Amino acid sequence: MGKPPTQVLVVDDEEDLELLVRQKFRRRIRDGDLRFLFAHNGKEALEVLEEHPDVYLVLSDINMPVMDGLTLLSQLADGEQDIQAVIVSAYGDMKNIRTAMNRGAFDFLTKPIDFNDLEATIEKGLKHVQALQSALETRDRLVAVKQELDMARDVQMSLQPKEIPDSETHDIKAVILPAREVGGDLYDFFHIDESRIALVIADVSGKGVPAALFTTVTRALLRATSSKDYSTPAECLTRVNELLCESNPSCIFITLFFGVLDLRNGELHYSNAGHNPPRLLQADSQVEVVPKTRNIVLGIQPGHTYNNDQIQLRPGDTLFLYTDGITEAENFQDEEFTESRLDEKLAGLAGASAERVATEIVDAVQEFVGDAPQSDDITCVVARFRPDPS
Amino acid sequence: MEEKAKLSVEAEQGDKATILIVTGRVDGSSVGILESAVQEQINAGNKTLVFDFQDLSYISSAGLRALLIAARLTQKEGGKALFCALADHIAEIFEISGFNEILDIRATRADALGAV
């Protein structure tokens, strides 16, 4: 099936333009490539256009009864459709031609009409209309894609965990400032049982919808594997990794820190799958790096057995989990926030509530970055341990 | 925003391997340059690639993914990919992510070529 013919409206109160067009384009009319519609004044033209919303090119005389060509042009300019008009006027009628061009005419022809010029002008007009149409379609498609991406981000954000209420033994606060594009970071926290809380932070390679999907799947798998028969963080990661590797042809991977804090004694059992090591902010302002475990990122190495590690939190100690959106945040001078700035800032926040630590660090990053564009998600999870003094 | 040429990849044909000299930053916006350079070599039938990272200043997770794909592609063709001359801060990225366990990393270009 061919395309429907491209339609052109010819407006003239005399017969000669119509005859000329029918004669000149007879072959293309017969081939079903072009179709001409005719009107005898501006008013009729508007009626035809009303009936045929798929006409985007108009060839119009200026002097006509009822409604002249210049008035028609103004009406077209006010209409919603993007219709291109070619004006036909007497040779030397520069005043009207100028007026027509100023009212948005695409081009003009002078009478007596030159055959070749007529054909070339219509051809040019059609090309222009086509380019315009395809630009509009592209724009519409882009708008649709952007809406879908925004929706994906909303879904992803809505999956972040609900707040865990502060208690006598701990307070937890997470902050995520998503970059413009969907994707990136993940955090989570949830109770393994009454006395143990899981803390998760992760960063997926790449951005966009594939990355967002991978993140969402990882989060669901981790929750599922650690709610049923939980043994150790490493065991969970080993299982999650296996499942992620099963179908990951595009080699997306995720760096992830998974810690489980025992609120009874302050022990943190953890396994770190290639993620930036968190910080332990001690009550006495010491900032320690949570030692790395020799592991690899999740999703690319089936059969890998993840290792556990363990540190001890003392009353008043705070854990700070973050993604490189914090340490690699750049200002306009291309300087990064860096780990040393992070550690320095953390040291001044010993003993503060989780909420205050999270807010102040993110504020410090934003102040450092200024108005430079944010290219990556900025995420942190803060947990303060403060057991019952009794 | 100003546009900086932040990444270049230059290919040198050796006897047993193609050396790809990677200069600058590999991140989400420049990783395409690295990916097409690798694809170009694979298409040309060069299946043993040595990545010289002496002048690599930064690599993001998107960049690491491209290296992983390069390793898989060369392997599939019966060749391999080696990575050499990592600056300390790049080596640290490889170590934290565990990529030093899954990619073949050598200290110098000579070491890498010796292992081809």
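Residues numbered from 1 in each chain as written. Chains lettered and ligands numbered in written order. Predicted model: local features only at pLDDT ≥ 70, side-chain atom pairs only at ≥ 80, totals over all residues.

Caption draft 1: Highlighting the overall build of chain A. Counting its regular elements, chain A contains 11 helices and 15 strands. Dimensions of chain A, computed from the C-alpha atoms along their principal axes, are close to 100 × 45 × 35 Å. Taking all 390 residues of chain A together, the buried fraction comes to 38%. Put simply, of all contacts in chain A between residues at least 6 apart along the chain, 69% involve residues at least 24 apart. (Helix = DSSP H or I, 4+ residues; strand = E, 2+ residues; numbered from the N terminus. Buried ≥ 20, exposed ≤ 12 C-beta atoms within 10 Å, placed from the backbone. Contact = placed C-beta atoms within 7 Å.)

Caption draft 2: Representation of the sheet that holds strand β4 (residues 84-90) of chain A within the structure. Residues and elements named next belong to chain A. Reading across from one edge, β2-β1-β3-β4-β5 is the order of the five strands in this open sheet, with parallel pairing throughout. Here the strands that pair on one side only, and so sit at the sheet edges, are β2 (34-39) and β5 (107-111). The average undirected angle you get between the axes of adjacent strands in this sheet is 20°. For β4 and β5, the ladder comprises five bridges, and the chain directions are parallel. By the bridge assignment for β5, S89 is matched with T110. Here helix α1 (residues 16-24) sits on the sheet and contacts β1 (6-11), β2, β3 (57-61) and β4; the angle it forms with β1, its principal contact strand, is near 155°. (Pairing = 2+ DSSP bridges. Axes fitted to C-alpha atoms, helices over the stretch in contact; angles between N-to-C directions.)

Caption draft 3: Inspection of the interface of chain A and chain B at higher detail. The interface is formed by 16 residues belonging to chain A together with 13 residues belonging to chain B. When residues in the side of chain A that touches chain B are grouped by element, the largest group, four residues, is from strand β8 (residues 196-207) of chain A. Partitioned by chemical class, the residues of the side of chain A that touches chain B number six nonpolar, seven polar and three charged. (Nonpolar A, V, L, I, M, F, W, Y, C, P; charged D, E, K, R; others polar.)

Caption draft 4: View of the nonpolar core. All names here are of chain A. Counting 100 residues, the largest nonpolar core has L199, V200, C380 and V381 as its most contacted members. Ignoring any residue separated from it by four or fewer positions in sequence, one finds V200 in contact with Y187, D188, F189, L222, L256, F257 and F258. Grouped together as the second largest cluster of nonpolar side chains are 29 residues, A39, V55, V58 and I97 included. (Core = buried A, V, L, I, M, F, W, Y, C linked by C-beta atoms within 7 Å.)

Caption draft 5: Expanded view of the packing of helix α1 (residues 31-43) of chain B against helix α2 (residues 61-76) of chain B. Residues and elements named next belong to chain B. Look at α1 against α2: their axes get within 9 Å of each other, and the N-to-C directions meet at 10°. By the criterion of interaxial angle, the relationship of α1 to α2 is roughly parallel. On α2, the residues that touch V31, L34, E35, V38 and I42 of α1 are A62, G63, A66, A70 and L73. Its residues assigned to classes, the contact of α1 with α2 shows eight nonpolar, one polar and one charged. (Parallel < 35°, antiparallel > 145°, perpendicular 65-115°, else oblique.)

Caption draft 6: Main features of unusual backbone geometry. Looking along the chain, the bond that leaves K111 of chain A and enters P112 of chain A is cis, with omega of -5°. Look at V66 of chain A: it is not a glycine, yet its phi comes out positive at around 65°. Positive phi values are uncommon outside glycine, yet A85 of chain B reaches one of about 60°. C-beta crowding within 10 Å serves as the criterion here: with 23 such atoms nearby, A85 of chain B is assigned to the buried category.

Caption draft 7: Structural view of helix α11 (residues 354-369) of chain A. With 16 residues, α11 of chain A extends 23 Å between its outermost C-alpha atoms, agreeing within 8% with the 22 Å of an ideal straight helix rising 1.5 Å per residue. Of the residues flanking the end of α11 of chain A, it is G370 of chain A, one or two places downstream, whose phi is positive at about 65°. (Expected span 1.5 Å × (residues − 1).)

Caption draft 8: A look at the domain arrangement of chain A. Splitting chain A by domain gives domain 1 (6-142) and domain 2 (161-385). A C-alpha centroid distance of 63 Å is found between domain 1 of chain A and domain 2 of chain A. (Domains from an automatic or database assignment.)

Caption draft 9: Inspection of the environment of V200 of chain A at higher detail. Its place among the elements puts V200 of chain A in strand β8. Separated by 161 residues in the primary sequence, V200 of chain A and I361 of chain A have C-alpha atoms spaced 18 Å apart.

Caption draft 10: Just the confidence of the model for chain B, in detail. Looking at chain B as a whole, the pLDDT averages 92, with 96% of positions reaching at least 70. For this predicted complex, the interface confidence reaches an ipTM of 0.87, while the overall pTM sits at 0.73. (pLDDT = per-residue confidence, 0-100.)

Caption draft 11: Representation of the packing of helix α6 (residues 115-158) of chain A against helix α7 (residues 208-227) of chain A within the structure. All names here are of chain A. α7 packs onto α6 with a crossing angle of 20° between their chain directions and a minimal axis gap of 11 Å. With respect to α7, the element α6 is oriented roughly parallel. At the point where α6 passes α7, the crossing takes the left-handed sense. Residues L149, A152 and Q156 of α6 form the contact with α7, whose participating residues are V209, A212, T215 and T216. Across the contact of α6 with α7, the residue classes tally to four nonpolar, three polar and no charged. (Left-handed = near helix turned anticlockwise from the far one by under 90°.)

Caption draft 12: Quick look at the sheet that holds strand β6 (residues 170-177) of chain A. All names here are of chain A. Taken in spatial order, the five strands make up an open sheet running β6-β15-β14-β11-β12, and their pairing is antiparallel. If you trace the sheet from one side to the other, it starts and ends with β6 and β12 (287-289), each paired once. Across the sheet, the axes of successive neighbouring strands diverge by a mean angle of 20°, strand direction being ignored. Sheet topology note: the strand β11 (residues 279-281)/strand β14 (residues 318-322) ladder contains three bridges and is antiparallel. Bridging from a neighbouring strand, L280 pairs with L319 of β14.

Caption draft 13: Representation of the environment of S8 of chain B within the structure. Residues and elements named next belong to chain B. Among the structural elements, S8 can be located in strand β1 (residues 7-13). Once the C-alpha coordinates of S8 and V26 are considered, the two residues, 18 residues apart in sequence, prove to be 9.3 Å apart. Excluding residues that lie within four positions of it along the chain, S8 makes contacts with T23 and G24.

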